[in-house]
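Here are the chains, one letter per residue:
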Amino acid sequence: MLFNLAFYVALMAQAGSAALSAGRRNMDLFGVCSLACVTALGGGSTRDVLLGHYPLSWVANPYLLIVVCVAALAAVMLSRFMHHLRWTFLLLDALGLVIFSTIGCDIAIAMGLHPIIVIISGMVTGILGGVLRDILCNDVPLVFTGQLYAIVSIIAGVVYFTATKLGLSYDFALVAGIVVGMGLRVAAIVYNIEIPKFSYRDQR
Amino acid sequence: MLFNLAFYVALMAQAGSAALSAGRRNMDLFGVCSLACVTALGGGSTRDVLLGHYPLSWVANPYLLIVVCVAALAAVMLSRFMHHLRWTFLLLDALGLVIFSTIGCDIAIAMGLHPIIVIISGMVTGILGGVLRDILCNDVPLVFTGQLYAIVSIIAGVVYFTATKLGLSYDFALVAGIVVGMGLRVAAIVYNIEIPKFSYRDQR
Amino acid sequence: MLFNLAFYVALMAQAGSAALSAGRRNMDLFGVCSLACVTALGGGSTRDVLLGHYPLSWVANPYLLIVVCVAALAAVMLSRFMHHLRWTFLLLDALGLVIFSTIGCDIAIAMGLHPIIVIISGMVTGILGGVLRDILCNDVPLVFTGQLYAIVSIIAGVVYFTATKLGLSYDFALVAGIVVGMGLRVAAIVYNIEIPKFSYRDQR
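Fair warning: this is a prediction, and the values are worked out from it, not measured in the lab.

**A closer look at the interface of chain A and chain C**
Argument step 1. At the interface, 33 residues of chain A touch 32 residues of chain C.
Argument step 2. Ranking the residues of chain A by area buried against chain C places Phe144(A), Phe198(A) and Tyr200(A) at the top, with a combined share of 30%.
Argument step 3. At the junction of chain A with chain C, the criterion picks out 8 residue pairs in polar contact (both at pLDDT 80 or more).
Argument step 4. Examining the composition of the side of chain A that touches chain C, we find that 7 residues originate from one element, helix H6 (residues 115–136) of chain A, more than from any other.
Argument step 5. Residue composition of the side of chain A that touches chain C, grouped by class: 22 nonpolar, 7 polar and 4 charged.

**Quick notes on the relation of the copies chain A and chain C**
Argument step 1. The two copies are related by a screw operation: chain A maps onto chain C through 120 degrees of rotation and 0.0 Å of translation along the axis, at an RMSD of 0.0 Å. A rotation of that kind, with that shift, is consistent with a three-fold axis.
Argument step 2. When the interface residues of chain A are mapped onto chain C, a mere 12% of them again fall at the interface, so the copies present different faces.

**A short note on helix H6 (residues 115–136) of chain C**
Residues and elements named next belong to chain C.
Argument step 1. Helix length check: H6 (22 residues) gives 31 Å between terminal C-alpha atoms against 32 Å at 1.5 Å per residue, within 8%.
Argument step 2. Considering bend angle alone, the principal kink of H6 is centred on Ile127 and spans about 45 degrees.
Argument step 3. In the segment just after H6, Asn138 is the residue with positive phi, at about 65 degrees.

**Considerations on helix H7 (residues 150–165) of chain C**
A turn of α-helix holds 3.6 residues, and therefore any two residues three or four places apart point the same way.
Argument step 1. The end-to-end C-alpha distance of H7(C), which contains 16 residues, comes to 22 Å, matching closely the 22 Å that a straight helix rising 1.5 Å per residue would cover.
Argument step 2. Each element contacted by the buried residues of H7(C) is listed here: helix H2 (29–51) of chain B together with helix H5 (86–110), H6 and helix H8 (170–190) of chain C.

**Some points on the UniProt feature "domain: Glycine transporter" (unreviewed entry) in chain A**
Residue and element names in this part refer to chain A.
Argument step 1. Those places that UniProt annotates as "domain: Glycine transporter" (unreviewed entry) correspond, in this numbering, to residues 7–78 and 91–163.
Argument step 2. The distance separating the terminal C-alpha atoms of residues 7–78 is 22 Å; by composition the span is 83% helix and 0% strand.
Argument step 3. In the segment residues 91–163, helix accounts for 77% and strand for 0%; the C-alpha atoms at its two ends are 23 Å apart.

**A word on empty space enclosed by the protein**
Argument step 1. For the structure on display, the rule yields 4 cavities of 30 Å³ or more.
Argument step 2. If you trace the largest cavity, you find it lined by Ile135(A), Asn138(A), Asp139(A), Asp134(B), Ile135(B), Asn138(B), Asp139(B), Ile135(C), Asn138(C) and Asp139(C).
Argument step 3. Within the lining of the largest cavity, the residues separate by chemical class into 3 nonpolar, 3 polar and 4 charged.

**What about the pattern of salt bridges?**
Residues and elements named next belong to chain B.
Argument step 1. Evaluated as defined, the whole model comprises 9 salt bridges over all chains.
Argument step 2. Residue Arg47 is joined to Asp48 by a salt bridge in which the shortest nitrogen-to-oxygen separation is 2.9 Å. The pair formed by Arg47 and Asp48 is uniform in burial state, with each residue classed as buried.
Argument step 3. A salt bridge links Glu194 to Lys197; its shortest N-O distance comes to 2.9 Å.
Argument step 4. For Glu194, a relative accessible area of 38% corresponds to the partly exposed category.

Reading the values: rules and limits
- The numbering scheme is per chain: residues are counted from 1 as the chain's sequence reads.
- Naming scheme: in the order in which they are written, chains are lettered from A and ligands are numbered from 1.
- Where totals are concerned, whole chains, interfaces and linings use all residues; where local detail is concerned, this predicted model gives features only for residues with pLDDT of at least 70, and gives and counts side-chain atom pairs only at 80 or more.
- Note that water and hydrogens are dropped before the side-chain values are worked out from all heavy atoms of the structure.
- Throughout, a contact is declared for two residues whenever any of their heavy atoms are within 4.5 Å.
- A simple way to read buried area is as the amount of 1.4 Å-probe accessible surface that goes missing from two parts once joined, with both sides added.
- Polar contacts, as counted here, are pairs of nitrogen or oxygen atoms within 3.5 Å of one another; within protein the pair requires one atom able to donate a hydrogen and one able to accept it, and residues that are adjacent in sequence qualify only if both atoms are side-chain atoms.
- Runs of H or I in DSSP of at least four residues are treated as helices and runs of E of at least two as strands, each being numbered from the N terminus.
- Lys, Arg, Asp and Glu make up the charged group, whereas Ala, Val, Leu, Ile, Met, Phe, Trp, Tyr, Cys and Pro make up the nonpolar group; the residues left over, Gly among them, are polar.
- Only residues with pLDDT of at least 70 in both copies contribute their C-alpha atoms to the least-squares superposition of the copies.
- By this rule the span expected of a helix is its residue count minus one, scaled by 1.5 Å.
- Bending is quantified residue by residue as the angle between axes fitted to the seven-residue window ending at that residue and the seven-residue window starting at it.
- UniProt positions are given in the numbering used here, feature names are shortened, and annotations may be inferred rather than shown by experiment.
- Cavities and pockets were defined on a 1 Å grid built over protein atoms only: a cavity is a set of grid points that admits a 1.4 Å probe from which the probe cannot escape, a pocket is an open set flanked by protein on both sides within 12 Å along at least five of seven lines, and lining residues are those with an atom within 4 Å of any such point.
- Grid points are joined across faces, edges and corners, and a volume is the space filled by probe spheres set on the points.
- The salt bridge definition used is simple: a Lys or Arg side-chain nitrogen within 4 Å of an Asp or Glu carboxyl oxygen.
- For every residue, the accessible area (1.4 Å probe, protein chains only) is compared with the maximum for its type, and the residue is labelled buried under 20%, exposed over 50%, or partly exposed between those bounds.

Structure (structure tokens):
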């Protein structure tokens, strides 16, 4: 139940920050809702399509779409206060990254897939929504150039998967993944930890 | 049969206007045909992939691809006359939006999905081709920033779905959807009706 | 076995050139690996999703992901020598284009699909990885504007498919596809053969 609460809070946080991205591109309210749905639900949908795991979550439970749209429109109405909530959003985004990653791991585990695919499934669930958002906003995806983000998803997934493999309880594995993942993500923001960048210029 | 005629006309109109988009980006004739196929068939393909509805229409009926490519190349040959046909294309595009939406609704109805998903299925079928076109042309999707468009698809879908649910004949439901949808779309173009936009600037 | 060798060489070449694309966009090492995976495996994955052909190759064989990431990181380490290898990469890229295309044809043949879809399946496998790379790098896909490339995939697919239909041995069909495809691609590069471009400006 705590997990469900965390899931919905994370979903709404992703919808809210997607709404702000839409606003930076002067999208209309339909664009706001669409971008919020793609961002909040696109990671899980991409995972399901890649794994052939049907029906997709929002097809089975369409009310997810309504939750996301309401959260996005609420973010529009409250947008002038949003800059006070920067840290709240960063924390909720980190929570969402980890929660979504563990959901992705669970689905791949339930499908009996290889441990590498379990971790990839978690990562796709965690980060692909943001990648799709950036593509629709016509940006190079932030996750390929910024601070530790996808790596947080991978490490949280490894911790979660290892804990379940060791026979630890689901709750313990989840909490372990969240503590490690959120700790790492917050550390990455505070200390501005980045993965080494690769810059290449064509020589002639 | 009238429906089939309208479907092919709409498909060719989408292919033709995609060809002009390709020309604005100086694409080669392969790019023209590819962009036309993605635009004309990408909405239905995205819907089928999201719903797990296989085989995709053009896989089952590959001649659709040929119809689309021929229409695109015809648009290239006739491109210098195209600006005279602006209203024809706008009307055919509106027709296509509504026809494609009702097809999407039908497929979701046949799969026994929730009414919300029926409408979403119609909308994805109606607008996703254009979104994919804009992504391939490296633009922010027009549908997120412009005049009433996706909303037209949604309203046409609601009218169509409600009419079928009320037990009205298929033909009547289709005509009702087309009349309402095209009327709304033409009104949106003539009176420049837009959804309110959301503009957000980061404050520091 | 020779085919397997050629496949892995081509996969690694695609990963390596994707790594250089990532470097041109200053991506971090996670972005480098992601872009390499999308480029090297995205064509086959798109084909499988469109055809409903599950599981995807890298889900069934996750070590493909590791091969691709190692090749991408090797390209990063050797990047200052890469400009000496321009022709090597162009040849390996041409080899990959043809090999991937024949794999795509094989899968559609095995699924009993229409000859048009067999060729399209080959083409999607051959070129979509590069299209996805260009979308993620925020470019208009090169394949829509440049030298003969997709056409090479189509012609190699037609040669390969025709040869198998004529009852020739698999090895002969493969070699025929490779010789014709690579010959055409090299000729396109050397003589700068392009498909006619279509340029369209809106008139008012």
